[in-house]
Amino acid sequence: MFTDDQRTGVVGVGYQGCDLDGFIGQLGREGVTMLVDVRLTPISRKRGFSKTALSAALTDAGIVYEHMRALGNPKWNRAAFGGSPAELGTARGIYAQSLYDDDARDCLERIALVAREQRVAVMCFEADEVRCHRDLVLEALRERFSYAISA
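Description of the structure in this document. (Residues numbered from 1 in each chain as written. Predicted model: local features only at pLDDT ≥ 70, side-chain atom pairs only at ≥ 80, totals over all residues. Heavy atoms only, no water.)

## A few points about the nonpolar core
Formed by 28 residues in total, the largest nonpolar core has its most connected members in L71, L99, I111 and L141. Put simply, the parts of the chain that give this core at least two residues each are strand 2 (32-37), helix 4 (85-98), helix 5 (102-115), strand 4 (119-124) and helix 6 (134-144). Among the elements that line this core, the one with the most residues is helix 5, at seven residues. Excluding residues within four positions of it along the chain, I111 makes contact with V10, V36, M68, L71, V120, V122 and L141. Among the nonpolar cores identified, the runner-up in size contains 17 residues, and F49, A57, I63 and A121 belong to it. (Core = buried A, V, L, I, M, F, W, Y, C linked by side-chain atoms within 4.5 Å. Buried < 20%, exposed > 50% of the residue type's maximum accessible area, 1.4 Å probe, protein only. Helix = DSSP H or I, 4+ residues; strand = E, 2+ residues; numbered from the N terminus. Contact = heavy atoms within 4.5 Å.)

## Examining the side chain of R134
Tracing the chain through its elements places R134 in helix 6. Here R134 falls in the buried class, since its relative accessible area comes to 1%. Only 3.3 Å separates the side chain of R134 from the backbone oxygen of V13, close enough to count as a polar contact. Those residues within four positions of R134 in sequence are excluded, and the remaining contacts are G12, V13, G14, V38, V122, C124, E126, A127, D128 and E129. (Polar contact = N/O pair within 3.5 Å; in protein donor to acceptor, adjacent residues only side chain to side chain.)

## Thoughts on the pairing of strand 4
One face of the sheet, then the other: side chains in a regular strand alternate in exactly this way. For strand 4, the tally of buried residues reaches six of six residues, placing the bulk of the element in the interior. The side-chain alternation of strand 4 yields two buried faces, one formed by R119, A121 and M123 and the other by V120, V122 and C124. As defined by bridge partners, strand 1 (residues 9-14) adjoins strand 4 across six bridges and the pair is classed as parallel. Residue pairing in the sheet places G12 in a bridge with V122 of strand 4. Here five bridges tie strand 2 to strand 4, and the two strands are oriented parallel to one another. Its bridge partner being in strand 4, M34 is matched across the sheet by V120. (Pairing = 2+ DSSP bridges.)

## Points about the state of the cysteines
In this structure the tally under the stated criterion is zero disulfides. Here C18 stays free of any disulfide, with the sulfur of C124 as its closest cysteine sulfur at 13 Å. Its relative accessible area of 25% is what places C18 among the partly exposed residues. With no disulfide of its own, C107 lies closest to C124 among cysteine sulfurs, the gap being 14 Å. For C107, a relative accessible area of 13% puts it in the buried group. (Disulfide = S-S within 2.5 Å.)

## Let's talk about the packing of helix 5 against helix 6
A pair of packed helices is characterised by two quantities: the angle between their axes and the separation of those axes. As a packed pair, helix 5 and helix 6 sit with axes 10 Å apart at the nearest point and diverge in direction by 70°. It follows from the interaxial angle that helix 5 and helix 6 lie roughly perpendicular. Taking contact as the criterion, the partners of R105, L108, I111 and A112 in helix 5 are, on helix 6, V137, A140, L141 and R144. Across the contact of helix 5 with helix 6, the residue classes break down as six nonpolar, no polar and two charged. (Axes fitted to C-alpha atoms, helices over the stretch in contact; angles between N-to-C directions. Parallel < 35°, antiparallel > 145°, perpendicular 65-115°, else oblique. Nonpolar A, V, L, I, M, F, W, Y, C, P; charged D, E, K, R; others polar.)

## Quick look at the packing of aromatic side chains
Scanning the model with the defined rule gives three aromatic pairs in all. Note on Y15 and F49: the rings are 4.3 Å apart at their centroids and 5° apart in plane angle, and the pair reads as stacked. Pair noted here: Y15 is in the loop between strand 1 and helix 1 (20-29) and F49 is in the loop between strand 2 and helix 2 (51-60), with a separation of 34 residues, a long-range link. For the pair Y15 and F49, a shared accessibility class is recorded, and that class is buried. Arranged with centres 5.4 Å apart and planes meeting at 75°, the rings of F23 and F49 form a pair that is edge-to-face. Taken as a pair, F23 in helix 1 and F49 in the loop between strand 2 and helix 2 lie far apart in primary sequence, 26 residues in all. An identical accessibility class is assigned to F23 and F49; each is buried. An aromatic cluster is built from Y15, F23, F49 and F125, whose rings are joined through pairwise contacts. (Phe/Tyr/Trp six-rings, centres within 6.5 Å; stacked < 30°, edge-to-face > 60°.)

This is the structure we're talking about:
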């Protein structure tokens, strides 16, 4: 999701299949100045993508890192995102309801506020955005904050 001004707005990114340097290079080419990590637990078996290492590498590249745990998908709801269409629909519905929690709403508001002035990337692991909860984060931003972000 981009605004007319390609230096602002929000984009979703997954790091599946990426190496750290390539991932950060892509963020730079897209003009991202802030990355919001929406993993519940920001650890990874993939070198460089755990919270501390990723934050340091992004800082070196001039990109702000922010972990928003309140936007994470509970572990018990994750498997269904890779399941059948019915399982995916159920998992998406469960996650979408969590975005009405106060902490999640505060995070969405923060992203929308920053996205009015900067390019923000919402990140999780999954390459296929439809199979990732970040798709619902982006959808919630479009629906609730259309004054700040346009598709």
